[in-house]
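# Fold and geometry: a report
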Amino acid sequence: MGAADDSRAGVSLTNLDQPLFDGAGATKRDLVDYLDAVCDRILPELRDRPLSVLRVRPGQEPFMQKNLPKYTPDWVRRTEVWAEASHRRISYALCDDRRTLLWFANQRAVEYHPTLAPAGQAERPNHLVLDLDPPEGDAFDAVVRVALLVRQALADAGLTGAVKTSGAKGVHVVVPVDPATTAEEAAAATRALAARTERLDPAAATTAFIVADRGGRVFVDSTRAYGATVVSAYSPRIRPGATVSYPVGWTDLESASPADFTVRTVPALLGDRDPWAEALPAPQRLPADLVEQGRTIPVARVQAMHEGKRRARARREAG
């Protein structure tokens, strides 16, 4: 092997000194070293879940990989899922061990997006997610304010959640749910919590799916449900500085900066701890009134599609 090659856990690692991507400030070796260092923390988030990864090759735009390529080693576990949109079966990886994680790292898989439910149990999500997306510009302070509103909405419903940076400009609030919870119940509760958050401060938070309707407010995204994925805690992101989706305690959120958490800084910040495992509350039963409220709220993406068609029709009729 050359100076830029290596081998770990039986995986040949190549071209390690290549830049990871433009603006990363990191090499492929940094990615491999980082994922190896956080292996014991990230694998519990990925294990047994159909995995989509965002890869980046030199000189190319990043691309999302769901279906495993033909050259995938036989020892990579996989699960087949029917994709209604493309009317085909997709062979997803199950990233269950260090060897598989390192193989993905060598494929320049930077981002790790597992499903909310384990393989073969799409109707039984382990958690629900509220994804907070800031308006244009550097508005993390605004996101923090709305995250605290989500925390209040959860508390009002008798629930608790954990919060992490998305690794981009937003945050994810994650609520572990009782194993008996169905995907429909989790989706309904997510919509209800988003609506309750918006009602706490409509000037700061919005559930408007259409960007033009958000008016500079933080978008409380309630559409992470059913077959959706969310970037894993500890996953790197294809963002300037190679930032990481990192757990932040509620009391530390206001002083946090997403740029502080990168593939270079996180291993030292972690030490021997797993702050995400520490922060996640035990699975909780969703209150019946919360689920019932959510069932009365239209799915944001579907509502936006109908509204978009209505507006287009109005424009045509107006000439």
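As recorded in an unreviewed UniProt entry, the protein goes by the name DNA ligase D, listed as coming from Micromonospora marina.

## Comments concerning the layout of surface pockets
Of the pockets and cavities examined, the largest pocket occupies roughly 730 Å³. Among the secondary structure elements, those contributing two or more residues to the lining of the largest pocket are strand S8 (127-133), helix H5 (183-200), strand S12 (218-221) and helix H9 (300-317). Residues belonging to the lining of the largest pocket are distributed by class as follows: 14 nonpolar, nine polar and twelve charged. Taken as a whole, the second largest pocket spans an internal volume of roughly 410 Å³.

## Looking at empty space enclosed by the protein
For the structure shown, the criterion picks out one cavity of 30 Å³ or more. There is about 50 Å³ of room inside the largest cavity. Lining the largest cavity are Leu 116, Pro 125, His 127, Leu 128, Ala 183, Ala 186, Ala 187, Arg 224, Ala 225 and Tyr 226. Breaking the lining of the largest cavity down by element, the ones donating at least two residues are S8 and H5. Broken down by element, the residue count for the lining of the largest cavity peaks at three residues, all from H5. The residue inventory of the lining of the largest cavity, partitioned by class, reads eight nonpolar, one polar and one charged.

## Points about the side chain of Thr 115
Checked against the element boundaries, Thr 115 lands in the loop between strand S7 (109-114) and S8. Exposure remark for Thr 115: the relative accessible area of 12% places this residue in the buried category. Polar side-chain contacts of Thr 115 include one of 2.7 Å to the backbone oxygen of Ala 117.

Conventions we followed
Residues numbered from 1 in each chain as written. Predicted model: local features only at pLDDT ≥ 70, side-chain atom pairs only at ≥ 80, totals over all residues. Heavy atoms only, no water. 1 Å grid on protein atoms, 1.4 Å probe; cavity = no way out; pocket = protein on both sides within 12 Å on 5 of 7 lines; lining within 4 Å. Points joined across faces, edges and corners; volume = space filled by probe spheres on them. Helix = DSSP H or I, 4+ residues; strand = E, 2+ residues; numbered from the N terminus. Nonpolar A, V, L, I, M, F, W, Y, C, P; charged D, E, K, R; others polar. Buried < 20%, exposed > 50% of the residue type's maximum accessible area, 1.4 Å probe, protein only. Polar contact = N/O pair within 3.5 Å; in protein donor to acceptor, adjacent residues only side chain to side chain.

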